[in-house]
Amino acid sequence: MRRTAATLADGREILYYDRDGAPPRTARDVRELPAHESLIEIRRDPLLDEWVVVASHRQERTHLPAAEDCPLCPTRPGHATEIPEADYEVVVFENRFPSFATGPARLEPLAPGVERRPAAGRCEVVCFTPRHDSSFAELSAERARLVVDVWADRTAELARLPGVEQVFCFENRGEEIGVTLHHPHGQIYAYPFVTPRTRRMLASARAHRDATGRSLFADVLATEREAESRVVAERGGWTAFVPGFAR
Ligand SMILES: [Zn+2]
């Protein structure tokens, strides 16, 4: 895997991930974009003991543009996108409308009594393929493997950022779940806190270990492999399954 780093017109980072032998990635972002500024903070909800993200700019983000205006397609003459190159394999860039960001942050003036912090962290977009009408399921095994390697690279790097406590790679698919762009892509959130669901899973795992001396995840996996009926695929060290308690 070859990684090429570059900078977009407003200072955000873009990273091209290619197999060895792909053409060099040298295109420059020719767009005129306003400087990247974040007005984001997290505030603590004392009733639920949770952090809430307050981002004032996310209302203006791109929402379901026509295919010819897609910002995740490669750049072509007359249509400059988020990806300056005319082609790519897998590409990662900083989200223009992030929920978390490093760098200077201004906290809006607010009445006292609210516990709040700058939302240190980073939000990235991962484009799985330059083909607008494709999907993750249609990727070749080789390309899917490249995406997995990219997730591993980003997780390791983002986990080292100061203030980051959890890194989560995910794909939202379908308008029902709030997807605003149809191009096959995922997102990576580097959070400045451990998310509530993860916190509960860690507590469950600890309680299970205290009660049984065993790993909760290993026990769930063993149960599903024994039941067999919900196993989707098994290869090498991997098992994909739909848990019996799936919603
Ligand atoms: Zn597209």
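Residues numbered from 1 in each chain as written. Predicted model: local features only at pLDDT ≥ 70, side-chain atom pairs only at ≥ 80, totals over all residues. Heavy atoms only, no water.

### Quick notes on the overall build of the protein
Line of reasoning, step 1. For the protein, the count of helices and strands is three helices and eleven strands.
Line of reasoning, step 2. Across the protein, helices and strands are ordered from the amino to the carboxyl terminus as β-β-β-β-β-β-β-α-β-β-α-α-β-β.
Line of reasoning, step 3. Taken over the C-alpha atoms alone, the protein extends approximately 60 × 55 × 35 Å along its principal axes.
Line of reasoning, step 4. Here the protein holds 247 residues, and the buried ones make up 37% of them.
Line of reasoning, step 5. Sequence separation of 24 or more characterises 60% of the internal contacts of the protein that already satisfy a separation of 6 or more.
Line of reasoning, step 6. A total accessible area of about 14900 Å² is found for the protein, and carbon and sulfur atoms account for 52% of it.
Line of reasoning, step 7. Of the charged side chains in the protein, 33 are positive and 38 negative; the average position of the first set lies 3 Å away from that of the second. (Helix = DSSP H or I, 4+ residues; strand = E, 2+ residues; numbered from the N terminus. Buried < 20%, exposed > 50% of the residue type's maximum accessible area, 1.4 Å probe, protein only. Contact = heavy atoms within 4.5 Å. Areas by Shrake-Rupley, 256 points an atom, 1.4 Å probe, with all protein chains shown as cover. Lys, Arg positive; Asp, Glu negative; His and termini not counted. Charge placed at Lys NZ, Arg CZ, Asp CG, Glu CD.)

### Examining the nonpolar core
Line of reasoning, step 1. Counting 16 residues, the largest nonpolar core has Y17, V90, V92, V126, V150 and V167 as its most contacted members.
Line of reasoning, step 2. Looking at this core, the elements that each hand over two or more residues are strand 2 (13-18), strand 5 (90-94), helix 1 (141-159) and strand 9 (185-191).
Line of reasoning, step 3. For this core, the leading source of residues is helix 1, giving five residues.
Line of reasoning, step 4. When near neighbours in sequence (up to four residues on either side) are disregarded, V126 contacts V90, V91, V92, V150, P184, H185, G186 and I188. (Core = buried A, V, L, I, M, F, W, Y, C linked by side-chain atoms within 4.5 Å.)

### Some remarks on the coordination of the zinc ion
Line of reasoning, step 1. Here the zinc ion is held by the protein donor atoms C70 (SG), C73 (SG), H132 (ND1) and H183 (ND1), which lie 2.1 to 2.3 Å from it.
Line of reasoning, step 2. Between the four donor atoms coordinating the zinc ion, the angles at the centre fall across 101 to 118 degrees, so the site counts as tetrahedral.
Line of reasoning, step 3. Binding-site remark: the zinc ion is held by donors from one chain whose sequence spacing is C-x2-C-x58-H-x50-H. Taken together, the positions of C73 in the loop between strand 4 (50-55) and strand 5 and H132 in the loop between strand 7 (122-127) and helix 1 put the pair 59 residues apart, joining distant regions of the chain.
Line of reasoning, step 4. For C73, a relative accessible area of 9% translates into the label buried.
Line of reasoning, step 5. With relative accessibility at 16%, the residue H132 sits in the buried group. (Donors = N, O, S within 2.8 Å, 3.2 Å for Na, K, Ca; no water. Tetrahedral: all angles 85-135°; square planar, octahedral: opposite > 155°, others 65-115°.)

### Looking at helix 2 (residues 196-212)
Line of reasoning, step 1. When the terminal C-alpha atoms of helix 2 are compared, their 24 Å separation across 17 residues agrees well with the 24 Å that a helix rising 1.5 Å per residue should span.
Line of reasoning, step 2. Two residues or fewer after helix 2 comes G213, characterised by a positive phi angle close to 80 degrees. (Expected span 1.5 Å × (residues − 1).)

### What about the sheet that holds strand 7?
Line of reasoning, step 1. Spatially, 1-2-5-7-9-8 is the arrangement adopted by the six strands of the open sheet, whose pairing is antiparallel. Where the open sheet ends on each side, the last strands, each with one partner, are strand 1 (2-7) and strand 8 (166-170). Neighbour-to-neighbour, the strand axes of this sheet turn through a mean angle of 15 degrees, independent of strand direction. (Pairing = 2+ DSSP bridges. Axes fitted to C-alpha atoms, helices over the stretch in contact; angles between N-to-C directions.)

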